[in-house]
Amino acid sequence: MAQKNMLTYFLVALLLLTVLATAGLTIYYVRKVRSWNMLQLQTAVISRNRTLANSLLNDAIEYSKRNPAIDPILQSVGVTKRSGPFATPTPKP
Amino acid sequence: MSDSSSPLFPPSPAGPEVTLESLVADYQALRNAFHLTLVGLLILTGSLFVFFLREVSLARRQVVELSQVVADYEKSGFAARLENFRVQLQSFTQTHPDFNPIYSRYFGTSSVSQPSPAPRSGPASNLTGPRLPPTPGR
């Protein structure tokens, strides 16, 4: 009889342990996902900034064809009329 | 209160006789059912644990990758160069007002006190306000 009780206690203890471990892991997972979402938002903003900066650069280069007075500014950021400093590959989302 | 006289629990004269052996058998069956339930719950929570373990591993890897991307961006000085470029363009706009529409389209209104012409038609022309924040995620 005592042996049967031992089995019950063992199973209950094991279940309690597993439930606690799963609960802890779930909390950790939720935190990780939250930080992952935040980082995803940041990389989206980075990607958007790079795209807009390239667009601005292209507009400035177009403008420089009409008004070369902007050329020193373009050259100061290391821009030739072919390539720009912002022409870095966009990060993977 | 006597249960034997209660109308809720009437004595069952036609029912089987409750013996000690039948009680022991029922108890054993109940214990077996309880053990079976415990084992089922163990399997369920164990599977859930393994599932979350895999998900956590995946999420951790992705967090590391994205952190690397953000760190590279901050290390590259892109925001500082962009801000420098913006300042130069702003001062250029003051001497060349015809550049104002382009400047306003990307950075909002400039400090030049003159009416800005209508924005150029295009997919980005309906955006208002500053469109290039200096640094993301701060």
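A. Here's a closer look at the overall build of chain B. Along the backbone of chain B there are 3 helices and 0 strands. Traced from its N-terminal end to its C-terminal end, chain B shows the element sequence α-α-α. Pairs at least 24 residues apart make up 28% of the contacts formed inside chain B by residues separated by at least 6 positions. Accessible surface computed for chain B: about 9,400 Å², of which carbon and sulfur atoms make up 64%.

B. Structural view of helix H3 (residues 100-107) of chain B. For H3(B), a buried count of 7 out of 8 residues is recorded, marking the element as mostly surrounded by other parts of the structure. Every buried residue of H3(B) is accounted for by B:Asn100, B:Ile102, B:Tyr103, B:Ser104, B:Arg105, B:Tyr106 and B:Phe107. The elements touched by buried residues of H3(B) are helix H1 (2-66) of chain A together with helix H2 (78-95) of chain B.

C. Here's a closer look at the side chain of A:Thr22. Mapped onto the fold, A:Thr22 is located in helix H1. Once residues lying within four places of it in the same chain are set aside, the contact partners of A:Thr22 are B:Thr45, B:Leu48, B:Phe49 and B:Phe52.

D. Up close: the pattern of salt bridges. What the rule picks out here adds up to 3 salt bridges over all chains. Residues B:Arg105 and A:Asp59 are paired through a salt bridge, measuring 3.1 Å at the closest nitrogen-oxygen approach. Remark: A:Asp59 occurs in helix H1 and B:Arg105 occurs in helix H3; the pair is interchain, linking two chains. Considered together, B:Arg105 and A:Asp59 belong to a single accessibility category, that of buried residues. Salt-bridge contacts for A:Lys65 lead to A:Glu62; the nearest nitrogen and oxygen are separated by 2.9 Å. Of the two residues, A:Lys65 and A:Glu62 are both situated in helix H1; the distance of 3 residues between them amounts to about one turn of the helix.

E. Molecular detail of the confidence of the model for chain A. Across chain A, the average pLDDT comes to 84, with 84% of residues at or above 70. Scored below 50 in pLDDT, residues 87-93 of chain A makes 11 contacts in the model with residues more than four places away or belonging to other chains.

F. Seen up close, the packing of aromatic side chains. Going through the model one piece at a time under the given rule, you end up with 7 aromatic pairs over all chains. Taking 5.4 Å as the distance between ring centres and 45° as the angle between the ring planes, the aromatic pair formed by B:Tyr73 and B:Phe78 counts as tilted. In this structure B:Phe78 comes out as buried when scored by relative accessible area, which is 1%. Here A:Arg50 stacks its cationic end above the ring of B:Phe78, 5.6 Å away from the centre of that ring.

G. Spotlight on the interface of chain B and chain A. Listed by partner, the interface residues are 47 residues for chain B and 49 residues for chain A. In total, chain B and chain A occlude about 4,600 Å² of area from one another, counting both sides; carbon and sulfur atoms represent 75% of this. Summed over the three residues of chain B that lose the most area to chain A, namely B:Leu42, B:Leu66 and B:Phe85, the buried surface amounts to 13% of that side. Taken together, chain B and chain A are joined by 12 residue pairs in polar contact (both at pLDDT 80 or more). Elements that contribute at least two residues to the side of chain B that touches chain A include exactly helix H1 (20-76), H2 and H3 of chain B. A per-class count over the side of chain B that touches chain A returns 29 nonpolar, 10 polar and 8 charged.

H. Quick look at the nonpolar core. Within the largest apolar cluster, 19 residues are counted, with the highest numbers of intra-cluster contacts made by A:Leu56, A:Ile70, A:Leu74, B:Phe85, B:Leu89 and B:Phe99. Those elements that place two or more of their residues in this core are H1 and helix H2 (71-76) of chain A together with H2 and H3 of chain B. For this core, the element with the most residues is H1(A), which contributes 6 residues. If you look at the next biggest cluster of nonpolar residues, it comprises 10 residues, including A:Ala53, B:Leu66, B:Val70 and B:Ala79.

I. Looking closely at the packing of H1(A) against H2(B). Taken N-terminus to C-terminus, the directions of H1(A) and H2(B) make an angle of 35°; their axes are 12 Å apart at the nearest point. You can see that H1(A) and H2(B) cross each other, and the crossing is left-handed. Residues A:Asn49, A:Arg50, A:Ala53, A:Leu56, A:Leu57 and A:Tyr63 of H1(A) lie in contact with H2(B), whose contacting residues are B:Phe78, B:Leu82, B:Phe85, B:Leu89 and B:Phe92. Among the residues forming the contact of H1(A) with H2(B), the class breakdown is 9 nonpolar, 1 polar and 1 charged.

Reading the values: the criteria
Residues numbered from 1 in each chain as written. Chains lettered and ligands numbered in written order. Predicted model: local features only at pLDDT ≥ 70, side-chain atom pairs only at ≥ 80, totals over all residues. Heavy atoms only, no water. Helix = DSSP H or I, 4+ residues; strand = E, 2+ residues; numbered from the N terminus. Contact = heavy atoms within 4.5 Å. Areas by Shrake-Rupley, 256 points an atom, 1.4 Å probe, with all protein chains shown as cover. Buried < 20%, exposed > 50% of the residue type's maximum accessible area, 1.4 Å probe, protein only. Salt bridge = Lys/Arg side-chain N within 4 Å of Asp/Glu carboxyl O. pLDDT = per-residue confidence, 0-100. Phe/Tyr/Trp six-rings, centres within 6.5 Å; stacked < 30°, edge-to-face > 60°. Lys NZ or Arg CZ within 6 Å of the ring centre and 35° of its normal. Buried area = accessible area lost by both parts, 1.4 Å probe. Polar contact = N/O pair within 3.5 Å; in protein donor to acceptor, adjacent residues only side chain to side chain. Nonpolar A, V, L, I, M, F, W, Y, C, P; charged D, E, K, R; others polar. Core = buried A, V, L, I, M, F, W, Y, C linked by side-chain atoms within 4.5 Å. Axes fitted to C-alpha atoms, helices over the stretch in contact; angles between N-to-C directions. Left-handed = near helix turned anticlockwise from the far one by under 90°.

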